[in-house]
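# What the coordinates show
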Amino acid sequence: QVLLVESGGGSVQAGGSLRLSCAGSGIAFYSMTMAWFRQAPGQAREGVALIYTGGGSTQYADSVQGRFTISRDDAWNKVYLQLNSLEPEDTAMYYCAAGPRRPDLPLIATAFNYWGQGTQVTVSS
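Everything numeric here is computed off the predicted structure, so don't read it as measured data. (Residues numbered from 1 in each chain as written. Predicted model: local features only at pLDDT ≥ 70, side-chain atom pairs only at ≥ 80, totals over all residues. Heavy atoms only, no water.)

## Regarding the overall build of the protein chain
A tally of regular secondary structure across the protein chain gives zero helices and eleven strands. Reading the protein chain from its N end, one meets helices and strands in the order β-β-β-β-β-β-β-β-β-β-β. In terms of C-alpha radius of gyration, the protein chain reaches 13 Å, essentially the compact-globule figure of 14 Å for 125 residues. A principal-axis box enclosing the C-alpha atoms of the protein chain has dimensions of 40 × 25 × 25 Å. Here the protein chain holds 125 residues, and the buried ones make up 43% of them. Sequence-distant contacts in the protein chain: of pairs separated by 6 or more residues, those separated by 24 or more amount to 59%. (Helix = DSSP H or I, 4+ residues; strand = E, 2+ residues; numbered from the N terminus. Rg over C-alpha atoms; globule rule 2.2 N^0.38 Å. Buried < 20%, exposed > 50% of the residue type's maximum accessible area, 1.4 Å probe, protein only. Contact = heavy atoms within 4.5 Å.)

## Description of the pattern of salt bridges
Overall, the coordinates contain six salt bridges when judged by the stated rule. Between Arg38 and Asp90 there is a salt bridge whose closest N-O contact spans 2.9 Å. Highlighted residues: Arg38 in strand S4 (residues 33–39) and Asp90 in the loop between strand S8 (78–83) and strand S9 (92–99), separated in sequence by 52 residues. Judged by relative accessible area, Arg38 falls into the buried class, the value being 6%. On the basis of relative accessibility, which here comes to 1%, the residue Asp90 falls in the buried class. As a salt-bridge pair, Glu87 and Arg67 come within 3.9 Å of each other at their nearest N and O atoms. In this pair, Glu87 sits in the loop between S8 and S9 while Arg67 sits in the loop between strand S6 (58–60) and strand S7 (68–73), placing the two residues 20 residues apart along the sequence. A residue is classified by how much of its surface remains accessible, and Glu87, at 33% relative accessible area, is partly exposed. Exposure remark for Arg67: the relative accessible area of 12% places this residue in the buried category. When salt bridges that share partners are traced, they join Arg38, Glu46, Arg67, Glu87 and Asp90 into one network. (Salt bridge = Lys/Arg side-chain N within 4 Å of Asp/Glu carboxyl O.)

## Section: the environment of Thr33
Mapped onto the secondary structure, Thr33 falls in strand S4. When its relative accessible area of 0% is taken as the criterion, Thr33 is described as buried. Sequence separation of Thr33 and Ile70 is 37 residues, and the distance between their C-alpha atoms is 12 Å. Here Pro100 takes part through its backbone oxygen, which lies 2.8 Å from a polar atom of the side chain of Thr33. (Polar contact = N/O pair within 3.5 Å; in protein donor to acceptor, adjacent residues only side chain to side chain.)

As structure tokens, this is what we get:
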């Protein structure tokens, strides 16, 4: 059974930081492209960041470029998202996702096979 479990969400003031974690099991984690998505109420799910296998290549949404950093630790089957300089517009449920090993996998929800339940991030002004 594939399981992705997110943690680390919370409530912070604008300008603050959070570190999200996602622990995977039931999959060959090292061979999966990993990503973070977010969804605010009434809005579509949005790709935030993606990290390819080996951790050498990443991709970010324009809205978070320079503020968020994705990383992975395959020895522990974990992927992380460091959120800095948070803004109220970053308020959303954040989801971890796993997809196939492809060097050109796009940061869109339909490209990913497995999803966690999400962790809430709330940023107040």
